[in-house]
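The lines below spell out each chain.
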Amino acid sequence: MKAIELEKAYDPKSFEDRIYNDWESKGYFKPSSDESSPVHCQCDKCQGNYTVVIPPPNVTGVLHMGHGLNNTLQDIVVRYHRMKGDNTLWVTGTDHAGIATQNVVERQLKKEGLTRNDLGREKFLERTWKVKEDHHNIIVKQQRKLGNSTDWERERFTYDEGLSKAVRDVFVTLYERGLMYKGNRLVNWCPRCGTALADDEVDHEDTAGAMYHLYYEYADGSGKIEVATTRPETFFGDTAVAVNPNDERYKSIVGKKIKLPLTGKEIPIIADEYVDMEFGTGMVKITPAHDPNDWEVGKRHNLEVINLLNPDGTLNENVPEKYRGLTCAKARALVIEDLTNAGLFKSEEKMNHSVGKCYRCKTVVEPYLSAQWFVKMKPMADKALEAWKKGEIVFYPRKWENTYEHWLTGIRDWCVSRQIWWGHRIPAWYCECGETIVSREDPDCCPKCGSKNLTQDPDVLDTWFSSWLWPFSTLGWPENTPDLQKFYPTTALVTAYDIIFFWVSRMIMAGLEFTGKAPFHDIYIHGLVRDKQGRKMSKSLGNGMDPLEIIDMYGADALKFTLGFMCAQGQDILIDKDSFKLGSRFCNKVWNASRYLLGNLEGRNLVPVCDEDLTELDLWIYARLNNAAKIAREALESYRYNDAASALMEFFWNEFCDWYVEATKINFKNGDDKEKDRQATVLMNILEESLRLLHPYIPFVTEEIYQKLPLAELVSTRKGKIITNSNYVGMLINAPYPEVVTERENDGIQERFDALKDLIAKVRAAKVDCGIDPAVKINIAIKTEKGSAAEVAKEKVEMIQLLAGVAKVEFVESKPASSIGTVGKGFEAFVLVDESINKEQLLSRFQKAMEKEQGYAKMSENKLNGNFAKHAPQNLVDEEKARLAESQKKIATLAAYIEELK
């Protein structure tokens, strides 16, 4: 047959887009149960469903490297399960991201000197839909470049018509079940966004501040007390001062009245166990409208609740006139000045304290009394905890189960209303008669009084209120669609740990509440992508990376393999642009090795090969292929991406290319045409199966090479149980993933070849130690232990000569004179210092190397015997001890070499 030519250089730009278009246009991203799938099948042979829903990216911008990691990890397992024979569906889509998207549009308007109120609700929403479309198009382009094998015809959006119907149905159902209510409660309020936030939408950051010590006077003029606060401007809302009922110091004053500074208003001293007797003076000012703990104290004692803030965060009419309209910061400065003048300010104590900030715009969040809609979470949280305890959901790694349990155990009601315009409008209407109508359809009139003068609630729902329905709403719920019947519950969720609260836990609660089933079984929680310094990537730090830039530099496969290789369970990934050279080098290796093998088919015939025709070398590589398939399968089933990637790289690069392919050159050099045809056939079969093994991690380059293989001819060559493969001829994306074949297991052969590889590696290392050019052929002697696996060396002399760079091999019973030895299991190998080696130069090299190593050892000893060992962190001390041990080992080896040469 003719040689098959691959381009000389690996150039992913020349084929990645073409291959992606082929996969998509031919329907390979569809589940096999779809009639339009090229592998449509409804038989019982399919192993089962494997369904994944993508964590929908926000339509606020473009994908960053965190998305690149998340999408890559999903694509790897989706491709694996598709090749495994599962009826595989990966649902894609985007999130409308209420507050975040509205912020983007409002920032645009601000540059134009406009506000959303200048446009009005309808025009503002038109503008926001345009932003959504622009960003959506960019996101989709990025996902295609990444190689996402998602079913694009099933793409969803959290604000599309179907999901909007699901959202409304859920709101009404919760209301009907008594799990949705509207109440006047203390909420987290973002003055910048002008909306309430849920507890988990508040980021707490250590911020420089102060503790202010103030005096409050008794109303009867009998003295004064001291209280401390970080927010002195809020004392206008104080409705009590609390002490602990067990505090002997204050039992006599409980019930007395205190006069609020600067106002003359009187408030009581109350007793409540919330107060910590050991903190400060043991007296705490209680401001129910502006502190969540004070809110609870206020409810217990039926205290007045006084809201001091306007929605924009300025002080309102409930404070003296001179402070009205001021921001909290300006009011604080003025209050301290006035208290000082009144002799009621004691001191200011600088400190760092935790301050809540909006997770989107980073504005300081205010506790704010407001009428909002809430979901009662505890009944649903109890079900979600029970599902976990029953094993209906499993976290990978398991450590995240503690986080899950902790959050659900202490869960509070979820504030779901938002005072913005972009999002699902709350399906509640108010009548002048006081009736509230919550309905799946827009009402025509009030069911109580018949009035048609109804006003819909202006607020929208938290963006997570649509996202928590994602696993089943994307499949058609609340309708009982064929997709919902076939693909729900889904199989796996792959997501980052920073949204366990926001999203993962809520999806489980929603799935159990509305479908009676957990929405997925496997929950793989991966780490975050950080820079090499361990910092989170962000615009402000300028350390972010665009996945498209990396793809442009190295190709999508290089990005995918690198991220998969570096993704260890429970760890963040620290990378920079150079990190992706790892994946690029591996893809180049696959390309160049394939190019060499295909190019050497010139004049060869692919022939039938039986198991009996396989050499010991062939049996060894099939055993290693089997081992790689076993590790990869087990690792991918439990989401150990790095373990699978490491096994694949070790097999293809080291065992297949560096050992097997190199060793087969002997057969092509010395064999007759029959042997050369046999060897070429075996090589093609192993290459074909290797490409299937590698495909989930590097899909583009493997597909490009796979389509060049003589697939039809190869099918007829497999005549055994070891040299066996499927009869599949088609695109690699749907080829069967390599099975673990019992007949390929052969511990005896693997032990023999492990010994042979060890011997060759040690001879190579000895050459390096001696400063001998790898291309220079040397003479060696080998002594083997009788009955050991190392006796294989006597049968593989030609392989040792080829792979170790040896001219002559001699087998001996004892150590030859004038030789440098190296030891392995069952053997000793000796580099003969004969006429092929300059003995004087070699001796000088060893002596200089020994002096250098002794210097290193001395430095380590001095550090370990001095202050370093006493004061340095233990990990650094351990590293220094390891360096010393390594130096001492090298010194002993060099000393032995020098003694031999002398």
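Going by the structure above, here's the rest.
Since we're looking at a predicted model, the values are computed, not measured.

Caption draft 1: The arrangement of the overall build of the protein chain in detail. Within the protein chain, the secondary structure is distributed over 27 helices and 29 strands. Expressed as lengths along the three principal axes of its C-alpha atoms, the size of the protein chain is roughly 110 × 75 × 55 Å. Buried residues in the protein chain amount to 55% of all 902 residues. Contacts spanning at least 24 positions in sequence make up 76% of the contacts within the protein chain whose residues lie at least 6 apart. Summed over its atoms, the accessible surface of the protein chain is roughly 39200 Å², and 48% of this surface lies on carbon and sulfur atoms.

Caption draft 2: Just the sheet that holds strand β14 (residues 366–375), in detail. Spatial ordering of the open sheet is given by β6-β5-β14-β16, a layout of four strands whose pairing is antiparallel. The sheet terminates laterally at β6 (195–197) and β16 (414–415), the two strands that pair on one side only. In this sheet, β16 lies alongside β14 in antiparallel orientation, the contact comprising two bridges. Across the sheet, F374 pairs through a bridge with C415, a residue of β16.

Caption draft 3: Representation of the environment of K815 within the structure. Relative to the elements of secondary structure, K815 occurs in the loop between β27 (806–811) and β28 (819–824). Taking relative accessible area as the criterion, K815 reaches 36% and is therefore assigned partly exposed. Each C-alpha atom of the pair K815 and K783 lies 7.8 Å from the other, and the pair is 32 residues apart in sequence. Dropping the residues within four chain positions of it, K815 is found in contact with F830 and E900. Looking at K815, its side chain comes within polar contact range of the side chain of S819, at 3.1 Å.

Caption draft 4: Structural detail: empty space enclosed by the protein. Under the definition given, this model contains four cavities of 30 Å³ or more. For the largest cavity, the calculated volume is near 60 Å³. Listed by contribution, the elements that provide at least two residues to the lining of the largest cavity are α17 (581–599) and α20 (673–694). Class assignment for the residues of the lining of the largest cavity results in seven nonpolar, one polar and no charged. Taken as a whole, the second largest cavity holds about 40 Å³ of empty space. Surrounding the second largest cavity, L617, W620, W659, Y660, A663, F753, L756, K757, M799 and L803 form its lining.

Caption draft 5: Molecular detail of the packing of helix α25 (residues 839–865) against helix α27 (residues 874–901). Their axes nearest at 8 Å, the elements α25 and α27 cross at an angle of 155 degrees. Considering the angle they form, α25 stands roughly antiparallel to α27. When the axes of α25 and α27 are compared, the crossing they make is left-handed. Looking at the contact of α25 with α27, its residues break down into 16 nonpolar, five polar and eight charged.

Caption draft 6: Quick look at the sheet that holds strand β29 (residues 827–832). Ordered by their spatial adjacency, four strands build an open sheet running β27-β26-β29-β28, and the pairing between neighbours is mixed. Two strands bound the open sheet, and with one partner strand each, they are β27 and β28. Going across the sheet, the axis of each strand differs from the next one's by a mean of 25 degrees, ignoring polarity. Strands β26 (778–784), β27, β28 and β29 of the sheet are contacted by helix α23 (residues 747–769), whose axis makes an angle of about 30 degrees with β29.

Criteria and thresholds
Residues numbered from 1 in each chain as written. Predicted model: local features only at pLDDT ≥ 70, side-chain atom pairs only at ≥ 80, totals over all residues. Heavy atoms only, no water. Helix = DSSP H or I, 4+ residues; strand = E, 2+ residues; numbered from the N terminus. Buried < 20%, exposed > 50% of the residue type's maximum accessible area, 1.4 Å probe, protein only. Contact = heavy atoms within 4.5 Å. Areas by Shrake-Rupley, 256 points an atom, 1.4 Å probe, with all protein chains shown as cover. Pairing = 2+ DSSP bridges. Polar contact = N/O pair within 3.5 Å; in protein donor to acceptor, adjacent residues only side chain to side chain. 1 Å grid on protein atoms, 1.4 Å probe; cavity = no way out; pocket = protein on both sides within 12 Å on 5 of 7 lines; lining within 4 Å. Points joined across faces, edges and corners; volume = space filled by probe spheres on them. Nonpolar A, V, L, I, M, F, W, Y, C, P; charged D, E, K, R; others polar. Axes fitted to C-alpha atoms, helices over the stretch in contact; angles between N-to-C directions. Parallel < 35°, antiparallel > 145°, perpendicular 65-115°, else oblique. Left-handed = near helix turned anticlockwise from the far one by under 90°.

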